[in-house]
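A structural walkthrough
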Amino acid sequence: MKKTIILLFLALISLHSFAQKFGYIDSEFITSKMPEYKKAQEDMEKYSEKWVQDIQNRYAELEKMRQQYQQEEILLTADMKRERLKALDDKEKEVKELNNKVFGMNGLLFAKKKELMRPIMDDINRACEKVARQKQLMFLFDKASDMSMIYTDPRHDYTDYVMEALGISLKEEKTQNNQVTKPKN
């Protein structure tokens, strides 16, 4: 009997030691409360507007060149027409390449966003690591990531702890946001 109790106790201890704690955060909520994130968003908007304006200006130049060609087309020789059409094609290709370079996948806008967001995300990651160690969590998920979270139990929400580690505290707004994640019956 004593041996059975000891074995049962050891089994419970080993089960407990394999139990893994997990939690989640809402990085969108956290960043919405960070002034540095709002500043980065404003900076991104300025860069984006500048690049959009530059590309629009280049498209306007291209359109102007087309109109000028159309007006002078009847006066041009065949060689002159080919040269002008080649210049138009080259200009169009240049503008499209610039557009792709700025707004394409891994373009300048993407790189700038990554550059501006890196310090903010590093701060959040450090705070998450601190909270995970303090709360002895094995996993800490991000509710705002691409990973689908069908249901989240507010007992496992560590967003407030991460915000506290970042020096942000807005609990009354957090409870309003949690109500949205409750399952509908």
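Residues numbered from 1 in each chain as written. Predicted model: local features only at pLDDT ≥ 70, side-chain atom pairs only at ≥ 80, totals over all residues. Heavy atoms only, no water.

Below, the discussion takes up the nonpolar core. Counting residues in hydrophobic clusters, the biggest one holds 25 residues, and the most contacted among them are Ile25, Ile30, Met34, Ile120, Ile124 and Val162. Looking at which element gives the most residues to this core, the answer is helix H5 (residues 108-134), with 9 residues. If we ignore the near neighbours within four places in the chain, the residues touching Ile120 are Met34, Glu36, Tyr37 and Ala40. (Core = buried A, V, L, I, M, F, W, Y, C linked by side-chain atoms within 4.5 Å. Buried < 20%, exposed > 50% of the residue type's maximum accessible area, 1.4 Å probe, protein only. Helix = DSSP H or I, 4+ residues; strand = E, 2+ residues; numbered from the N terminus. Contact = heavy atoms within 4.5 Å.)

The topology assignment puts His156 in the loop between strand S2 (139-142) and helix H6 (159-166). When residues no more than four places from it in sequence are discounted, the contact partners of His156 are Phe22, Gly23 and Tyr24.

Here the focus is the confidence of the model for the protein. With 78% of its residues at a pLDDT of 70 or more, the protein shows a mean pLDDT of 81. Across residues 1-15, confidence stays below pLDDT 50; counting only partners more than four residues off in sequence or on other chains, it has 0 contacts. Considering only residues more than four positions removed or in separate chains, one finds that residues 174-185, a stretch of pLDDT under 50, has 12 contacts. (pLDDT = per-residue confidence, 0-100.)

With that settled, the discussion passes to the pattern of salt bridges. According to the stated counting rule, one finds 14 salt bridges in the structure shown. The shortest N-O distance in the salt bridge between Glu63 and Arg66 comes to 3.7 Å. Of the two residues, Glu63 and Arg66 both sit in helix H3 (residues 35-72), 3 residues apart, roughly one turn of that helix. Under the relative-accessibility criterion, Arg66 is labelled partly exposed at 27%. In this structure, Lys86 engages Asp90 in a salt bridge whose closest nitrogen and oxygen atoms are separated by 3.0 Å. Of the two residues, Lys86 and Asp90 both sit in helix H4 (residues 78-103), 4 residues apart, roughly one turn of that helix. For Lys86, a relative accessible area of 51% corresponds to the exposed category. One continuous salt-bridge network, built from bridges that share partners, spans Asp54, Arg58, Glu61, Lys91 and Glu94. (Salt bridge = Lys/Arg side-chain N within 4 Å of Asp/Glu carboxyl O.)

Now for the packing of H3 against H4. Close contact between H3 and H4 brings their axes to 10 Å; oriented N to C, the two are set at 170°. By the angle between their axes, H3 is roughly antiparallel relative to H4. Both H3 and H4 take part in a crossing whose hand is left-handed. Its residues placed into classes, the contact of H3 with H4 shows 14 nonpolar, 3 polar and 11 charged. (Axes fitted to C-alpha atoms, helices over the stretch in contact; angles between N-to-C directions. Parallel < 35°, antiparallel > 145°, perpendicular 65-115°, else oblique. Left-handed = near helix turned anticlockwise from the far one by under 90°. Nonpolar A, V, L, I, M, F, W, Y, C, P; charged D, E, K, R; others polar.)

Moving on, we come to a nonpolar patch on the surface. Taken together, the side chains of Phe22, Met138, Phe139, Phe141 and Met147 present a nonpolar region at the surface, about 470 Å² in accessible area. In this structure, Met138 sits in the loop between H5 and S2. Given the relative accessible area of 55%, Met138 is considered exposed. (Patch = residues over 30% accessible without salt bridge, like charges linked within 9 Å, V, L, I, M, F, W, Y side chains within 5 Å. Areas by Shrake-Rupley, 256 points an atom, 1.4 Å probe, with all protein chains shown as cover.)

By the element assignment, Leu88 lies in helix H4. Judged by relative accessible area, which is 7%, Leu88 ranks as buried.

At Asn106, a residue that is not glycine, the phi angle is positive and equals roughly 60°. Within the element layout of this structure, Asn106 appears in the loop between H4 and H5. The exposure class assigned to Asn106 is exposed, which follows from its relative accessible area of 59%.

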